[in-house]
Amino acid sequence: MVLIAGSANLDFVVRAQRIPAPGETVLGRDLQTFPGGKGANQAVACARAGGARTGMALALGRDAYALALKASLENAGVVLHAQAFDDVASGTAFICVSDDAENAITVAPGANTRLLATHLPALDGYRYLLMQLEIPLSTVIESARLARAAGLQVALNAAPAQALPPELLALVDLLIVNEGELRAISHKQGSILDAMAALPCQTVVVTLGARGAVARQDGELHYQTGFVVQAVDTTGAGDTFCGVLIAQLAAGHPMPQALPFASAAAALCCTKPGAQSSIPAAIEVSAFLAERSASDPAAQHELERYCQALA
Ligand code: RIB
């Protein structure tokens, strides 16, 4: 039902008191490895959210990292359409996580650069194609074209941030971005709402970290305030939001129902270390939501004010 075309990286993570400034060295603690990569994280999130069969097209090296990356995806129930290359390593990411749960990430994309639109499986039976920008832009554009022609909804999480050609934006039905990515894509000055309205996509969702998220669908706005949690590592929270949101929409839930579920899953992801290791299952998200009271009107007002404020 949902096909993800995207990256898989083995994440090498060091926790430190703070993220080093340019030119600075900080002493961190033990090195840990976790399965990651924006595409694979979103596939795991989508599969764990339930309700949507999840497939993933990806490219890997023929190395030990690939085995760990495939195992994590398969354990989550993702159906793999994997290409293996002899002459390039699997993708890796080097992540510093600070004690206040923030991160800085550098990706060595490796085999992710080899993923082509021709590696996509037959598209019949799929309702959504979800992509990110850790694979070649040409692959994203060509895959979006194929998906559109086959009647799928095209969803793009435009991360990491980069300017996008208008021909790609015209092929995207649902765009999910954070504030920095929104500014990189929309050259519009003004508020977040102004920038969203200037994009040609039917639905635009902007994630705003702990503040929450805002969606604009067919001109109608939906606000979702963030859930307060004790964050230990925010890595993968944005990916969790994307994967769960698409799983919810693919299962037929409307945006006002899908948004709180995706936001709650993203908040829970921040409470554990690592990317895929911290993505919750649907049952955990439902239990978390059942414990939380309805949205705080003051937080809702503050979120609306933030989205309307001029940049
Ligand atoms: O979004 C988090 C992910 O970004 C990490 O898992 C890392 O691999 C990079 O792709």
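That block above? That's the structure.
All figures in this text were calculated on a predicted structure; none of them were measured in a lab. (Residues numbered from 1 in each chain as written. Predicted model: local features only at pLDDT ≥ 70, side-chain atom pairs only at ≥ 80, totals over all residues. Heavy atoms only, no water.)

Q: I'd like a description of the overall build of the protein, backed by residues and values.
A: Along the protein, the regular secondary structure elements total 10 helices and 13 strands. In terms of overall size, the protein behaves like a compact globule, its C-alpha atoms giving a radius of gyration of 18 Å where 311 residues would be expected to give roughly 19 Å. Across its three principal directions, the C-alpha atoms of the protein cover 55 × 50 × 40 Å. Considering the protein as a whole, with its 311 residues, one finds that 52% of them fall into the buried category. Considering only intrachain contacts with a sequence separation of at least 6, the fraction spanning at least 24 residues in the protein is 67%. Accessible surface, the protein as shown: approximately 13,000 Å² in total, 54% of it carbon and sulfur. (Helix = DSSP H or I, 4+ residues; strand = E, 2+ residues; numbered from the N terminus. Rg over C-alpha atoms; globule rule 2.2 N^0.38 Å. Buried < 20%, exposed > 50% of the residue type's maximum accessible area, 1.4 Å probe, protein only. Contact = heavy atoms within 4.5 Å. Areas by Shrake-Rupley, 256 points an atom, 1.4 Å probe, with all protein chains shown as cover.)

Q: Now, about the pairing of strand 12 (residues 212-217): what can you tell me, with residues and values included?
A: Relative to strand 12, strand 11 (residues 203-207) is paired through 5 bridges, and the arrangement is antiparallel. Bridge pairing links Thr-203 to Gln-217 in strand 12. Joining the antiparallel neighbours strand 11 and strand 12 is a turn of 4 residues, in which Gly-209 adopts a positive phi near 60 degrees. Bridge count for strand 12 against strand 13 (residues 220-225) is 6 bridges, and the pairing is antiparallel. Residue pairing for strand 13: Ala-215 is matched across the bridge by His-222. Between strand 12 and strand 13, which follow one another and run antiparallel, lie 2 residues, and Asp-218 among them has a positive phi close to 50 degrees. (Pairing = 2+ DSSP bridges.)

Q: Give me the pattern of salt bridges: which residues, what numbers.
A: Evaluation of the coordinates by the stated rule reveals 9 salt bridges. Glu-167 is paired through a salt bridge with Arg-145; the nearest N and O atoms lie 2.9 Å apart. Placement of Glu-167 in helix 4 (residues 166-169) and of Arg-145 in helix 3 (residues 137-149) is noted, with a sequence separation of 22 residues between them. Under the relative-accessibility criterion, Glu-167 is labelled partly exposed at 42%. (Salt bridge = Lys/Arg side-chain N within 4 Å of Asp/Glu carboxyl O.)

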